[in-house]
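Observations on chain architecture
Each chain is listed here by its residues.
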Amino acid sequence: MFKLTSLNLNGIRSATSKGLEAWLAQVKPDCICVQEVKAQAVDVRGRFEELAGLRGYFHFAEKKGYSGVGVYTRHEPSDVIVGHGSSEFDAEGRYVELRFDTPSAKRSVVSCYFPSGSSGEERQQAKFRFLEEFYPHLGQLKAGRELILCGDVNIAHQEIDLKNWKGNRKNSGFLPEERAWMTKLLNEAGLVDVYRKLQPTATDEAYTWWSNRGQAYAKNVGWRLDYHLASPDLAGSARAVEVYKGQRFSDHAPLTIDYDFSL
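In short, a report on the structure. These figures come from a predicted structure and were not determined experimentally.

Here we come to the overall build of the protein. On a plain count of helices and strands, the protein comes out with seven helices and 15 strands. With respect to the principal axes defined by its C-alpha atoms, the protein has extents near 50 × 40 × 40 Å. Out of the 263 residues belonging to the protein, those deemed buried represent 54%. Within the protein, contacts between residues at least 6 apart in sequence are counted, and of these 70% link residues at least 24 apart. Total accessible area computed for the protein in this model is approximately 11,300 Å², and 47% of it derives from carbon and sulfur atoms. Counting 34 positive and 34 negative side-chain charges, the protein places the averaged centre of each group 4 Å from the other.

With that settled, consider helix H2 (residues 20–27). Listed in full, the buried residues belonging to H2 are Leu20, Trp23 and Leu24. The buried residues of H2 all sit within an arc of 100° when viewed along its axis, so they share a single face. Set apart from the buried face of H2 by more than 90 degrees, the exposed residues are Ala22 and Gln26. In this structure, the buried residues of H2 make contact with strand S1 (2–8), helix H1 (12–17), strand S2 (31–35), strand S3 (50–51) and strand S15 (255–259). Backbone geometry just after H2 places Lys28 at a positive phi near 60°.

Following the criterion strictly, the structure yields 17 salt bridges and no others. One salt bridge in this structure joins Glu97 and Arg99, with 2.7 Å as the shortest N-O distance. Taking the shortest distance from any N to any O, the salt bridge between Asp161 and Arg224 comes out at 2.8 Å. A residue pair is termed long-range when its members are at least 10 positions apart, and Asp161 in the loop between strand S9 (146–152) and helix H5 (176–187) and Arg224 in the loop between strand S12 (222–223) and strand S13 (226–230) qualify at 63 residues.

This paragraph deals with the sheet that holds strand S10 (residues 192–193). Taken together, six strands build an open sheet; the order of strands is S6-S7-S8-S9-S13-S10 and the sheet is mixed. Unpaired on one side and paired on the other, strand S6 (79–82) and S10 mark the two borders of the sheet. Across two bridges, the pairing between S10 and S13 is antiparallel. What sits directly across from Asp193, in S13, is Leu229. Strand contacts of helix H4 (residues 121–144): strand S7 (95–102), strand S8 (105–113) and S9, with the helix running at about 5° to S7, the strand carrying the most contacts. The strands touched by H5 within the sheet are S10 and S13, with S13 carrying the most contacts at an inclination of about 30°.

Attention shifts here to the pairing of S2. Most of S2 is tucked away: five of the five residues are buried. Burial along S2 is two-sided: Cys31, Cys33 and Gln35 facing one way and Ile32 and Val34 facing the other are all buried. Bridge count between S1 and S2: five bridges; the pairing is parallel. Following the sheet pairing, Ser6 is matched in S2 by Cys33.

Quick notes on the rules
Residue indices begin from 1 for each chain and proceed along its sequence in written order. Thresholds applied to this predicted model are a pLDDT of at least 70 for local features of residues and 80 or more for the giving and counting of side-chain atom pairs; totals over whole chains, interfaces and linings are not thresholded and use all residues. Note that water and hydrogens are dropped before the side-chain values are worked out from all heavy atoms of the structure. A run of H or I in DSSP becomes a helix once it reaches four residues, and a run of E becomes a strand once it reaches two; helices and strands are each numbered from the N terminus. Residue burial is assigned from relative accessible area. The probe radius is 1.4 Å, only protein chains are included, and a residue is buried under 20% of its type maximum, exposed over 50%, and partly exposed in between. Residue contacts are defined here by distance: any two heavy atoms, one from each residue, within 4.5 Å place the two residues in contact. Calculation of accessible area relied on Shrake-Rupley with a 1.4 Å probe; when residues are assessed, cover is drawn exclusively from the protein chains displayed. Positive: Lys, Arg. Negative: Asp, Glu. His and the chain ends are not part of the count. In this description, the location of a charge corresponds to atom NZ of lysine, CZ of arginine, CG of aspartate or CD of glutamate. This arc corresponds to the set of directions leading from the helix axis out to the C-beta atoms. We define a salt bridge as a side-chain nitrogen of Lys or Arg found within 4 Å of a carboxyl oxygen belonging to Asp or Glu. Strands were regarded as paired on the criterion that DSSP finds at least two bridges between them. For every element, the axis is a line fit to its C-alpha atoms; helices are fit only across the contacting stretch, and the angle between N-to-C directions ranges from 0 to 180 degrees.

In C-alpha cells:
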C-alpha cells in the first residue's frame, strides 16, 4: 500500500511548530506533498531537509516568504524535476515532480501550488495564464507516464465542494472559467479526481480549507481546494481517503489517500 498525503502548510515553520512532525511519525505516509513552504533553501538547510524520516525535495520561490512546494518521501526517486518549464511561474516555486521509474513502470508524484486570484484582478489574470499553460503540460506528462498530482489547486470544482456556493459564484476559486478548466481536465485530459472517485457525494466532510474570518472553521464553512489528480490506473488503485481534522497545522487540512501499489 502506498500512502500519499497532501497539505498546504501555510509556512513550514508554522506547521511544524503545531505538531506536524509528530503527526507524520504516527501516520507514516510514504510521501507527503506540501505547498506554501514559505521558506528558502537557507531556511530549510539543517532543519527541514527531513521530517519524521522522510527526505524533502523542493522548489522554492525567488521571493522570500512566498509560495514554495516540496515532496517528502521515504523512497529514493529516480529523478527530480523542479519547475514545469514556465517562463513566468517557475520563479514562484509552484512545481516539483519526483519520478519513481522501474523497468516495468514510470510513475510520478507531483506537488503543485496553483496561483490564487483572490487578491485582485491582476493575480486572477495570472491564475488564468497558469491554467492555460499548465493544461498541456499535464497532458504531455500523462501521455508518457502514470502520475498523481497533489496540491492546493485553488479551485472548488462543484457546488458540493464549498459551503456557500451561491454567494461565491463571482469569486476567485469558484468562477465559471476555473470550474470549466477542471471539468476539461477530468473529462478531456482524462485525469481523475481521486477524492471524488472514492467519495462522490461528500459535502461538509470534504472541505480542506477554511477562511480565518468569521469562525469559518468552527462552523465548517469550508472549501475543497486540495486534490489528488491521478492517471486512471493509479486512481483505480485508490482504496481509502481521509481529510484529517484532529489537529490544525495550517488553514488547510491534510488529505491522505491509500493506493494499492508499492514503489
